[in-house]
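Here is what each chain is made of, one letter per residue.
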Amino acid sequence: MSLFVTFEGPEGSGKSTQARLLYESLHTRRFPVILTREPGGTRIGDLIRRIVLDLQHTEMAPTTETLLFSAARAQLVSEVIRPYLEQGGIVLCDRYADSTYAYQGYGLGRDLAELRVITTAATGGLRPDLTFYLDISAEAGLERKRRKRPVTRLMGQHGIEQEWNRLDARELEYHQRVEAGYRELIAQDPERWRVLDARQSIEALAEQIAAIIEPYLASIPRLETVPLC
Ligand SMILES: Nc1ncnc2c1ncn2[C@@H]1O[C@H](COP(=O)(O)OP(=O)(O)OP(=O)(O)O)[C@@H](O)[C@H]1O
Ligand SMILES: [Mg+2]
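Right, let's walk through the structure included here.

When you go through the protein residue by residue, the secondary structure sums to 9 helices and 5 strands. Going from the N terminus to the C terminus, the protein shows its helices and strands as β-α-β-α-α-β-α-α-β-α-α-α-β-α. Since a compact globule built from 229 residues should have a radius of gyration of about 17 Å, the 18 Å found for the protein is in line with a globular shape. Overall, the protein is about 60 × 40 × 35 Å in size when its C-alpha atoms are taken along their principal axes. Counting across all 229 residues of the protein, residues that qualify as buried make up 48%. By sequence separation, contacts in the protein at least 24 residues apart represent 78% of the contacts at least 6 residues apart.

Here it is as structure tokens:
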């Protein structure tokens, strides 16, 4: 058995924080686990990430944006996610295909049926077993990110990865459409999603995530401890 877990939610909702904490706790317990993220997670995907999130690329057409995210995803699934799951491991992914439906679909108004075709081609139909939704309003999530903004802007001028990215910079209405889109996605597939109130403390959220994950771990064998000589 394997386990594929994704983290979704608006900007600044705490996805990366919680994905990292879960990774650390599972790794410490010697479960076979990897943490990856979208867009990126591979050498090719990280190059695509820089193109797609660069604040200067204001001319990017919505179709280009969709295909770039999907290209990065195709590489990640084929190079990292699928091989690790085939070995029976746990894959934690910070954003995945639901982000395309929420951001390019509901946010930018791209046709959802078309996105489904592109996404299935990119993923080979691979879907998460479990998806955590860190639930916070678009306004509150963006506000958390804005607090870090001056530093990251400076980094951007030097060509280093920018946390305040091209998609963050879109208008609030766009982010509200994304948030509403996520709610539609959750309603369509409630079994897979676990909705958490992301306004709680980091520690409280981590505890809830750990408790939800626990029953899924029963079928994952832990790594052998190397005997000490
Ligand atoms: N539960 C929380 N309460 C308060 N602040 C938090 C909480 N979780 C994360 N933060 C802080 O909010 C900011 C955004 O967190 P994080 O980067 O984990 O969010 P994210 O959802 O991954 O954002 P992004 O959309 O940029 O990838 C960070 O400064 C983080 O320390
Ligand atoms: Mg993040």
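Attention now goes to the sheet that holds strand 4 (residues 130–135). Strands sit in the order 2-3-1-4-5 across an open sheet of 5 strands; the sheet is parallel. Lying at the two open borders of the sheet, with one neighbouring strand each, are strand 2 (33–37) and strand 5 (193–197). The mean angle between the axes of side-by-side strands here comes to 20°, regardless of whether they run parallel or antiparallel. Note that strand 2 and strand 3 (residues 90–94) share 5 bridges and pair parallel. Looking at strand 3, one finds that Thr 36 is bridged to Cys 93. Helix 8 (residues 172–188) contacts strand 1 (3–8), strand 4 and strand 5 of the sheet and is inclined by roughly 145° relative to strand 4.

As a further point, take the environment of Leu 223. Note that Leu 223 resides in the segment after helix 9 (202–213). A relative accessible area of 43% means that Leu 223 is categorised as partly exposed. Along the primary structure Leu 223 and Ala 187 are separated by 36 residues, whereas in three dimensions their C-alpha atoms are 37 Å apart. In this structure Leu 223 touches Arg 30, Phe 31 and Pro 32, once residues within four positions along its chain are discounted.

The topology assignment puts Thr 42 in the loop between strand 2 and helix 2 (43–53). Its relative accessible area of 4% is what places Thr 42 among the buried residues. If we ignore the near neighbours within four places in the chain, the residues touching Thr 42 are Gln 75, Leu 76, Glu 79 and Val 80.

Taken together, the neighbourhood of ligand 1 is formed by 18 residues, with Lys 15, Ser 16, Thr 17, Lys 145 and Gln 200 sitting nearest. In this structure, Glu 11 approaches ligand 1 through a side-chain N or O atom, which is 3.4 Å from an oxygen atom. Within the backbone of Gly 14, an N or O atom sits 2.9 Å from an oxygen atom of ligand 1. When ligand 1 is considered free in solution it has 630 Å² of accessible area, and contact with the protein chains removes 76% of it.

Right, let's get into the packing of helix 4 (residues 97–107) against helix 8. Between helix 4 and helix 8, the least distance of the axes is 8 Å, while the angle of their chain directions is 130°. Judged on the interaxial angle alone, helix 8 and helix 4 are oblique. Two packed elements cross with a definite hand, and for helix 4 against helix 8 that hand is right-handed. Between helix 4, through Asp 98, Ser 99, Tyr 101, Ala 102, Tyr 103, Tyr 106 and Gly 107, and helix 8, the contact on the second element is made entirely by Tyr 174, Arg 177, Val 178, Gly 181, Tyr 182, Glu 184, Leu 185 and Gln 188. Taken together, the residues that form the contact of helix 4 with helix 8 break down as 8 nonpolar, 4 polar and 3 charged.

In terms of burial, helix 4 is largely enclosed, as 10 of its 11 residues are buried. For helix 4, the full list of buried residues reads Ala 97, Asp 98, Ser 99, Thr 100, Tyr 101, Ala 102, Tyr 103, Gln 104, Gly 105 and Gly 107. Close packing links the buried residues of helix 4 with strand 1, helix 3 (62–86), helix 5 (112–123), strand 4, helix 8 and strand 5. One or two steps after helix 4, the chain reaches Gly 109, where phi turns positive at roughly 80°.

Along the chain, Thr 131 turns up in strand 4. Of the residues examined, Thr 131 reaches a relative accessible area of 0% and is grouped as buried. In terms of polar contacts, Thr 131 uses its side chain to reach the side chain of Arg 192, at 2.8 Å. Not counting residues up to four positions away in its chain, the partners in contact with Thr 131 are Thr 6, Glu 8, Asp 98, Arg 192, Trp 193 and Arg 194.

Conventions and cut-offs
Residues numbered from 1 in each chain as written. Chains lettered and ligands numbered in written order. Predicted model: local features only at pLDDT ≥ 70, side-chain atom pairs only at ≥ 80, totals over all residues. Heavy atoms only, no water. Helix = DSSP H or I, 4+ residues; strand = E, 2+ residues; numbered from the N terminus. Rg over C-alpha atoms; globule rule 2.2 N^0.38 Å. Buried < 20%, exposed > 50% of the residue type's maximum accessible area, 1.4 Å probe, protein only. Contact = heavy atoms within 4.5 Å. Pairing = 2+ DSSP bridges. Axes fitted to C-alpha atoms, helices over the stretch in contact; angles between N-to-C directions. Near = heavy atom within 4 Å. Polar contact = N/O pair within 3.5 Å; in protein donor to acceptor, adjacent residues only side chain to side chain. Areas by Shrake-Rupley, 256 points an atom, 1.4 Å probe, with all protein chains shown as cover. Parallel < 35°, antiparallel > 145°, perpendicular 65-115°, else oblique. Left-handed = near helix turned anticlockwise from the far one by under 90°. Nonpolar A, V, L, I, M, F, W, Y, C, P; charged D, E, K, R; others polar.

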